[in-house]
Amino acid sequence: MSSERTVWGIGLTTITDEASASPGTTLDAWFADLGFGTGIDTESDARGAADLDQHAGPDERRAVRTEVVRVAIDLDAAVASTTDAYLRLHALSHLLVRPNEVNLDGIFAHLPNVAWTTAGPMLPADAARLRPALQRHGIQVQGLDKFPRLTDYVQPEGVRIADASRVRLGAHLSPGTTVMHEGFVNFNAGTLGAAMVEGRISQGVVVGADSDIGGGASIMGTLSGGGQHRVSIGARTLLGANAGIGISLGDDSVVEAGLYVTAGSKVVLSDAPVDADGRKPSVKAAELSGRPGLLFRRNSLTGAIEATQRTGHGVTLNETLHA
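Residues numbered from 1 in each chain as written. Predicted model: local features only at pLDDT ≥ 70, side-chain atom pairs only at ≥ 80, totals over all residues. Heavy atoms only, no water.

- Under an unreviewed UniProt entry, the name given to the protein is 2,3,4,5-tetrahydropyridine-2,6-dicarboxylate N-succinyltransferase, and the organism recorded is Microbacterium bandirmense.
- What the UniProt record of the protein gives under Pathway (unreviewed entry) is the line "Amino-acid biosynthesis; L-lysine biosynthesis via DAP pathway; LL-2,6-diaminopimelate from (S)-tetrahydrodipicolinate (succinylase route): step 1/3."
- Quoted verbatim from the Sequence similarities (unreviewed entry) field of the UniProt record, the comment on the protein reads "Belongs to the type 2 tetrahydrodipicolinate N-succinyltransferase family." (UniProt positions renumbered as here; feature names shortened; annotations may be inferred.)

Structure, rendered in structure tokens:
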């Protein structure tokens with residue numbers, strides 16, 4: 001394995017015990033230390049394992065035990081295990097790699113559905129069976145999902161997240177990013193610089209520096225619907241409130257509030273000269289994907305989607321909010 005495309009990690013993994021409905025199931029892995037290369041020196045490795053060993057052991061309340069885990073993976077190979085999957089997600093959230101720069105083939109098959117509780121992960125069947133005991137201990141189930149909350153594993157530096165349940169582990173959030181209460185960021189998605197996120201950033205989507213994803217805005221991902229295009233948003237770009245896109249936006253672009261532009265949407269080129277019939281030419285929005293400096297708007301008289309060339313820079317974020 002190439003050291004430039006190999007990531008190692010040392011941490012703790014949660015495994016169901018003999019009292020579980022499915023003994024020996026790996027539920028998660030948290031990596032206290034990770035980095036590029038095939039590993040760290042033996043002395044440092046031993047010291048790190050010793051530090052973590054004090055936190056390993058059984059938790060009979062959840063029918064699990066925690067163990068120290070040490071793993072190195074090839075980022076170009078397919079996901080091979082649950083700990084492998086979690087190390088890739090950690091690498092994304094620790095900003096070691098950007099979205100779409102790591103192979104995530106097979107990740108869903110290696111991530112079990114987990115009951116995420118206030119005391120840590122457990123098997124959903126065990127959570128149902130042990131409900132009375134969990135209640136006595138004040139343990140609550142907060143969700144059932146394959147992916148945990150980002151902040152339960154990684155606290156990204158210089159980032160604000162108003163509602164932790166809306167950002168998954170594997171989200172890539174650059175310093176200066178603010179995710180407001182209604183914002184959502186999936187795994188293998190995120191920001192490449194300071195950004196305001198009040199809408200949804202789907203899997204595979206990257207948002208450029210100084211861009212604003214307005215309240216209720218939607219960005220189509222590639223996980224459903226047979227989509228192959230990975231949508232990206234350029235720098236200094238505004239996706240207006242309740243707007244949506246299925247194409248990429250170039251730098252300094254704007255989509256007006258409430259407008260949804262898919263790849264097949266017919267868009268009138270309002271800056272082009274009229275044809276012989278006195279009409280402006282139109283194209284499918286896919287032909288404008290990634291082109292910088294465009295304003296997408298809906299003509300209030302005709303209802304047609306229009307694209308016009310903008311001049312100058314795009315939006316400017318509030319520096320105080322993103323400091």
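### What about the overall build of the protein?
Phase 1 of the analysis: Helix and strand counts for the protein stand at four helices and 26 strands.
Phase 2 of the analysis: By principal-axis analysis of the C-alpha atoms, the protein measures approximately 80 × 45 × 40 Å.
Phase 3 of the analysis: By residue count, 48% of the 323 residues in the protein fall in the buried class.
Phase 4 of the analysis: A fraction of 50% describes how many contacts in the protein between residues 6 or more apart in sequence connect residues 24 or more apart.
Phase 5 of the analysis: When the accessible surface of the protein is summed, it comes to about 14,800 Å², and 49% of that surface belongs to carbon and sulfur atoms. (Helix = DSSP H or I, 4+ residues; strand = E, 2+ residues; numbered from the N terminus. Buried < 20%, exposed > 50% of the residue type's maximum accessible area, 1.4 Å probe, protein only. Contact = heavy atoms within 4.5 Å. Areas by Shrake-Rupley, 256 points an atom, 1.4 Å probe, with all protein chains shown as cover.)

### Regarding helix 2 (residues 82-93)
Phase 1 of the analysis: Under the 1.5 Å per step criterion, the end-to-end length of helix 2 is 17 Å for twelve residues, consistent within 8% with the ideal 16 Å.
Phase 2 of the analysis: Counting buried residues in helix 2 gives twelve out of twelve residues, a clear majority hidden from the surface.
Phase 3 of the analysis: If you check which residues of helix 2 are buried, you get Thr82, Thr83, Asp84, Ala85, Tyr86, Leu87, Arg88, Leu89, His90, Ala91, Leu92 and Ser93.
Phase 4 of the analysis: Check the buried side of helix 2 and you find it contacts strand 1 (6-16), strand 2 (26-36), strand 4 (64-74), strand 5 (114-117) and strand 9 (171-172).
Phase 5 of the analysis: Trailing helix 2 by a residue or two, Leu95 shows a phi angle of about 65°, which is positive. (Expected span 1.5 Å × (residues − 1).)

### Things to note about the pairing of strand 5
Both faces of the sheet carry side chains from a regular strand, because those side chains alternate between them.
Phase 1 of the analysis: Every second residue of strand 5 is oriented toward a common face, with Val114 and Trp116 on one face and Ala115 and Thr117 on the other, all of them buried.
Phase 2 of the analysis: In terms of strand pairing, strand 5 meets strand 7 (residues 141-145) through four bridges, oriented antiparallel. Counted as the bridge partner of Thr117 is Val141 from strand 7.
Phase 3 of the analysis: Where strand 5 and strand 6 (residues 120-122) come together, three bridges link them in antiparallel fashion. If you follow Trp116 over to strand 6, its bridge partner there is Pro121.
Phase 4 of the analysis: Here strand 5 folds back onto strand 6, and the loop between the two strands holds two residues. (Pairing = 2+ DSSP bridges.)

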